[in-house]
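# What the coordinates show
Below are the chains, spelled out letter by letter.
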Amino acid sequence: MSLRTASAATVAAVDRRQRLCDVFGEEYDPDSWADWRWQLRHRLSRPEHFERYLELTSSELNGLRMGMERFAVSATPHFASLMDPFDPSCPIRRQVVPTDQEFLVQPGDMEDPCGEDEKSVVDGLVHRYPDRVLLLALDSCASYCRYCTRSRLVSQGDLEPLPRRVQAILAYLREHTEVRDVLLSGGDPLLMSEDRLDSLLGAIRAIDHIELLRIGSRVPGFLPQRITPELVAVLRRHRVWLSLHFSHPAELTPEVAAACDMLADAGIPLGSQTVLLRGINDDPAVLKQLFHGLLKNRVRPYYLYQADPVVGTAHLRTSIAKGIEIMGQLRGHTSGYAVPTYVVDAPGGGGKIPLQPETVVSRNGSSWRLRNWAGREYTYVDPPGVE
Ligand SMILES: *Cc1c(COP(=O)(O)O)cnc(C)c1O
């Protein structure tokens, strides 16, 4: 991809857009393409949609035919246009097109790896840490990541619509004065209408002890057209922090850059979350390109996640050793702002545990032997009289 000239890439991109419109028997029209509702209506969501656009492998075809019931399949035309129609190892394609490997259950695979259901205090509210909660706003997304940590809930239709749950959620938040931070996730909260999002955020903001409101979303990457001035105004009004999910540098398109610009220009602090995925981004050069690209878009890499052991995702996961090795290639080798914290969300509900290459070599009383990013060792001595 990087070898292609910019103009050839542009021609290829327009050609893919036309091919995606062909799936629905339509002519490519730039204005329709730029409309997020058009994008949602024209998602690839059935096996025949994918068959018309991609040269499918038998494993993908089986995954598409058998997998839809287990966990919904969907790709916005925007995201699908980044897929290579002829290469099944394409890192964009592998994130959203299922294969029959999803039917393999490995030892240690779990339905609810982070133990969220157990920590659910009211329907759709997870209270694991002392001062902050996770609010599952809705159960649908613009496209479905095959490695979704919440595939037991997302797209399954089991989560009650928010209007039926919101009073219980607000009552819990009002009563629990120790909660100062509310994280909205899901499902993707940015698929809510501006009005509904505005009233939900307003109701939470009206609670005095809630200081921090944040939203986790993949909409800026899957559906950048959704970042409209009206939506940005709602996020700005309620002083929201955003965590954006990106997996690969190819996702940082001009449309995504424009969406990030609108958000950053409105003063909305932007962070990112990335899941470490085998054959997709488990390479220091790819991740460095992603994190540098995010910083250019004023997005601060926040977390790199070890993939959760969700049932049927073993083929997308790599080892913790690989993750630590990659972190060792980032820290010190590039801007600290480009280095997220690598975490494992402990199976069984232990929460996020940070990992990095060992930096403390040994300790002798007040004398610490430390290893730097380049592998050299140094001694730091604590001041006298402190423990
Ligand atoms: C990740 C997570 C949070 C937020 O964690 P931070 O480290 O503060 O970003 C809160 N609640 C739950 C259940 C989480 O999984």
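Residues numbered from 1 in each chain as written. Predicted model: local features only at pLDDT ≥ 70, side-chain atom pairs only at ≥ 80, totals over all residues. Heavy atoms only, no water.

### Some words on the packing of helix α8 (residues 162-175) against helix α9 (residues 194-205)
Between α8 and α9, the least distance of the axes is 10 Å, while the angle of their chain directions is 15 degrees. Taken together, α8 and α9 sit at an angle that is classed as roughly parallel. Crossing of α8 against α9: the hand is right-handed. On α9, the residues touching L162, P163, V166, L170 and L173 of α8 are R196, L200, A203 and I204. (Axes fitted to C-alpha atoms, helices over the stretch in contact; angles between N-to-C directions. Helix = DSSP H or I, 4+ residues; strand = E, 2+ residues; numbered from the N terminus. Parallel < 35°, antiparallel > 145°, perpendicular 65-115°, else oblique. Left-handed = near helix turned anticlockwise from the far one by under 90°. Contact = heavy atoms within 4.5 Å.)

### Here we look at the domain arrangement of the protein
What the domain assignment lists for the protein is domain 1 (3-87), domain 2 (120-354) and domain 3 (357-387). Taking the mean C-alpha position of each, domain 1 and domain 2 sit 24 Å from one another. In this complex, domain 1 contributes 19 residues to the contact, which on the side of domain 2 involves 26 residues. For the pair domain 1 and domain 2, the summed buried area comes to about 1,800 Å², and 58% of that belongs to carbon and sulfur atoms. The three residues of domain 1 that bury the most area against domain 2 are W36, F71 and H78, which together make up 39% of that side's buried surface. Counting across the domain 1 and domain 2 interface gives one salt bridge. R17 is the partner of E255 in a salt bridge, and the nearest nitrogen-oxygen pair spans 2.7 Å. (Domains from an automatic or database assignment. Buried area = accessible area lost by both parts, 1.4 Å probe. Salt bridge = Lys/Arg side-chain N within 4 Å of Asp/Glu carboxyl O.)

### Regarding the site of the ligand
All residues adjacent to the ligand are V126, R128, Y129, R132, L134, L183, R214, Y302, Y303 and K352. R214 is positioned with one of its side-chain polar atoms (N or O) 2.8 Å from an oxygen atom of the ligand. Here the ligand loses 91% of its free accessible area of 390 Å² to cover by the protein chains. Contributing elements (two or more residues each) for the shell around the ligand: β3 (132-138) and β8 (300-306). Looking at the shell around the ligand residue by residue, the class counts come to six nonpolar, no polar and four charged. (Near = heavy atom within 4 Å. Polar contact = N/O pair within 3.5 Å; in protein donor to acceptor, adjacent residues only side chain to side chain. Areas by Shrake-Rupley, 256 points an atom, 1.4 Å probe, with all protein chains shown as cover. Nonpolar A, V, L, I, M, F, W, Y, C, P; charged D, E, K, R; others polar.)

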